[in-house]
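Fold and geometry: a report
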Amino acid sequence: MNETAMRARAAIDLAAVRSNVRALRRRAPGAELMAVVKSDGYGHGAVRCGRAARAAGASWLGTALPEEAFALRAAGDTGRLMCWLWTPGGPWHQAIEQDIDVSVSGLWALREVTVAAQACARPARVQLKVDTGLGRNGCQPADWPELIAAARAAEVAGELTVTGVWSHFACADEPGHPSIPLQLTAFRQALADAAVVGLRPEVRHIANTPALLTLPEAHFDLVRSGIGVYGVSPSPEIGIPEDFGLRPAMTLEASLASVKRVPGGHGVSYGHHYTTPGDTTLALVPLGYADGIPRHASGSGPVLVAGKWRTVAGRIAMDQFVVDLGGDGARPGDPAVLFGPGDRGEPTAEDWARATGTIGYEIVTRIGTRVPRVFLDSEVHDEGVGGQGGRA
Ligand SMILES: *Cc1c(COP(=O)(O)O)cnc(C)c1O
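As the structure is a computational prediction, the values presented were derived from the model and not from experiment.

Moving on, we come to the domain arrangement of the protein chain. Entries for the protein chain in the domain assignment read domain 1 (59-228) and domain 2 (250-391). With centres defined by C-alpha atoms, the gap from domain 1 to domain 2 works out at 39 Å.

This part is about the pattern of salt bridges. On inspection of all chains with the given rule, the structure shows 19 salt bridges. Arg122 is paired through a salt bridge with Asp99; the nearest N and O atoms lie 2.9 Å apart. One end of the pair, Arg122, is in the loop between helix 6 (107-120) and strand 6 (124-129); the other, Asp99, is in the loop between helix 5 (92-97) and strand 5 (101-104), with 23 residues separating them in the sequence. Overall, Arg122 belongs to the partly exposed group, its relative accessible area being 31%. The class for Asp99 is partly exposed, based on a relative accessible area of 33%. Residue Asp328 is joined to Lys308 by a salt bridge in which the shortest nitrogen-to-oxygen separation is 2.8 Å. Of this pair, Asp328 sits in the loop between strand 17 (321-324) and strand 18 (335-339) while Lys308 is found in strand 16 (residues 308-313), placing the two residues 20 residues apart along the sequence. Look at Asp328 and you get partly exposed, because its relative accessible area is 22%. By relative accessible area, Lys308 is classed as partly exposed at 44%. Where salt bridges share partners, they join Arg80, Asp99, Asp101, Arg122, Arg125 and Glu202 into one cluster.

A separate point is the site of the ligand. Taken together, the neighbourhood of the ligand is formed by 15 residues, with Lys38, Tyr42, Thr209, Ile227 and Tyr361 sitting nearest. Note that an oxygen atom of the ligand is positioned 2.6 Å from one of the side-chain N or O atoms of Lys38. In the environment of the ligand, an oxygen atom lies 2.6 Å from a nitrogen or oxygen atom belonging to the side chain of Tyr42. Protein contact buries 94% of the 380 Å² of open area that the ligand shows by itself. Elements that contribute at least two residues to the shell around the ligand include exactly helix 2 (38-42), helix 9 (209-214) and strand 9 (222-225).

Basis of the calculations
- Residues numbered from 1 in each chain as written.
- Predicted model: local features only at pLDDT ≥ 70, side-chain atom pairs only at ≥ 80, totals over all residues.
- Heavy atoms only, no water.
- Domains from an automatic or database assignment.
- Salt bridge = Lys/Arg side-chain N within 4 Å of Asp/Glu carboxyl O.
- Helix = DSSP H or I, 4+ residues; strand = E, 2+ residues; numbered from the N terminus.
- Buried < 20%, exposed > 50% of the residue type's maximum accessible area, 1.4 Å probe, protein only.
- Near = heavy atom within 4 Å.
- Polar contact = N/O pair within 3.5 Å; in protein donor to acceptor, adjacent residues only side chain to side chain.
- Areas by Shrake-Rupley, 256 points an atom, 1.4 Å probe, with all protein chains shown as cover.

The structure is reproduced here in structure tokens:
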């Protein structure tokens, strides 16, 4: 495929992924780093980003779904790998055979993984998750004594090894939030309880990217970073990526599909929510909500076209949207850059998050499979195309 002839592409700079992993490791020197590559590496390509993260020293990869972990194994990954979002009847057997660490938050999951381990005739690697206050997955402190006792009994019986005890923050992206010290206290208590029943986990971990960046006391043995690996800030309160030596890895751009002169008073796109204020030039960007461009960015999303920031004019449609060039010239095929690292004057994912009332995580993760991922390496050379129509 000829990149320059593409309708649109998400260019992924693998050198940025590697340098981000190195920057994150420098901020947590006493801990191992898990690069979180769930949801296809937050939309950046899990296999390629996982490989880049490993090359830069991430000793663990993490996914939400077991299927996401299996895809990494199928692509040749052999390192420590964990997945945490299980439902009853899940593929425990496959996870055990593929040496994947599985998260267990309750007795039902402990029972299922133990049965699968017996069938595999080898112990499962289990990481016990405690709910220290997030209120999502994880074992409630009241039920923790029962879970750790049962896990220890299964460990003694040779059915599993408890490789980790872990938890997840609710508000680490809001430094100073009162829940943070409370969660740390609850986590230390859960670790102490586990030690008392004889569990000796290899890794104890609670930190996500914001905690990695701002809370050294939360680093323990392992830090889990997702958004930081891709060079996007967890929240405005944490700061901008550059504050931490991080660089956005994804650049989303398209080739203009049309440029035309129109008179003043011309309605633009469905519903005519925008009307040209006078004679002007309209440019058509061939990306829409089916590609993951939020429809909420209608009238507010920023785009770099012909050297200036433009604003989405009128509604974003399924496949396309319009920008008003205010009389400036451009030609079909010229680039429209929606977001990138920002150093060529383009907006960033954070700018899109602000324009849309969401977070940078959602902006990058929702970019659809119809947009090919093109892997670049600013330290080496272009490496090829992934996503629909390309090789992964
Ligand atoms: C997604 C996720 C992470 C990564 O969070 P970031 O804020 O992107 O670093 C870490 N741990 C768990 C359990 C997650 O679900």
